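Architecture at a glance
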Amino acid sequence: MQSKISFFNKTIFKKNVTHYWSLWFGYLIISLFEIPFGIYLSGRGMEYYGYTGETLKAEQTYQYVNQMKMLIEPGVLFLTALLAAMIMLSYLYNSRSANMFHSLPVRREELFFTNYLSGLSFLLIPKLIATLLGVFVCAAVGITELQYLLITFLYIAGMLTFFYSLAFVVGMLVGQFWAFPICYLVLNFLEVIMEEVIRFL
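Residues numbered from 1 in each chain as written. Predicted model: local features only at pLDDT ≥ 70, side-chain atom pairs only at ≥ 80, totals over all residues. Heavy atoms only, no water.

**Some thoughts on the nonpolar core**
Counting 43 residues, the largest nonpolar core has Ile39, Tyr64, Tyr164 and Phe180 as its most contacted members. When residues of this core are traced back to their parent elements, those giving at least two are α1 (10-34), α3 (53-71), α4 (74-88), α6 (108-141), α7 (147-173) and α8 (179-188). Discounting residues that sit within four places of it in the chain, Tyr64 has contacts with Ile39, Ser42, Cys138, Ile143, Glu145, Leu146, Tyr148 and Leu149. (Core = buried A, V, L, I, M, F, W, Y, C linked by side-chain atoms within 4.5 Å. Buried < 20%, exposed > 50% of the residue type's maximum accessible area, 1.4 Å probe, protein only. Helix = DSSP H or I, 4+ residues; strand = E, 2+ residues; numbered from the N terminus. Contact = heavy atoms within 4.5 Å.)

The structure is reproduced here in structure tokens:
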């Protein structure tokens, strides 16, 4: 009977969680300030401007939607995904760590997908927790337009997945630590660079 081929290793995943938990906990705190606390503070501030009734409701919704728009700016997500990939692949740029990991009885595919899923979960789970808490905050402050919060989470999850996946592949192909972010930036802006070159010519 053929043995089952696994692409996920629980031991390596647990090692990643215990080794980098402080960084991901910090990202969770940032996400909590961005989403639930941000929604609460944007709605709370309206009380000091003398708005009442329907005007308060409309202004509160306006501030809430603006808050959601600010969260889907790709610049921060772009850099966050790069940092996460650099952390998860940092062992490749140290010969001692790379030799130790590759001497373990673990297939390369298993190591690749476990590290990939570890970093992706560390990016998406804090945003998911913050979004769920944001739902309760919206209910507490009287905001009923939850679709904006959910759409924001989908946008953030999509951008983080794309940026992180690209950064992870680049990190696996590039052999130098400092060349990693440079290649990542060049590939992301290659279309813009080529367009400017063609216009110049």
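**A short note on the pattern of salt bridges**
By the definition in use, this model includes 3 salt bridges. Two residues, Arg199 and Glu195, come together in a salt bridge whose shortest N-O distance is 2.8 Å. A residue pair is termed a helical-turn pair when its members lie 3 or 4 positions apart in one helix, as Arg199 and Glu195 do in helix α9 (residues 190-200) at 4 residues. For Arg199, a relative accessible area of 60% corresponds to the exposed category. On the basis of relative accessible area, Glu195 is assigned to the partly exposed category, the value being 31%. One salt bridge connects Arg199 with Glu196, and the closest N-O pair in it is separated by 4.0 Å. Of this pair, Arg199 and Glu196 both sit in helix α9, 3 residues apart, which is roughly one turn of the helix. (Salt bridge = Lys/Arg side-chain N within 4 Å of Asp/Glu carboxyl O.)

**Some words on the side chain of Asn115**
Following the sequence through the fold, Asn115 ends up in helix α6. Polar side-chain contacts of Asn115 include one of 3.4 Å to the side chain of Tyr91. (Polar contact = N/O pair within 3.5 Å; in protein donor to acceptor, adjacent residues only side chain to side chain.)

**Observations concerning the confidence of the model for the protein**
Looking at the protein as a whole, its pLDDT mean stands at 82, while 88% of the residues score no less than 70. Of all secondary-structure elements in the protein, the lowest mean pLDDT belongs to helix α5 (residues 95-102), at 70, while α7 reaches the highest, 91. (pLDDT = per-residue confidence, 0-100.)

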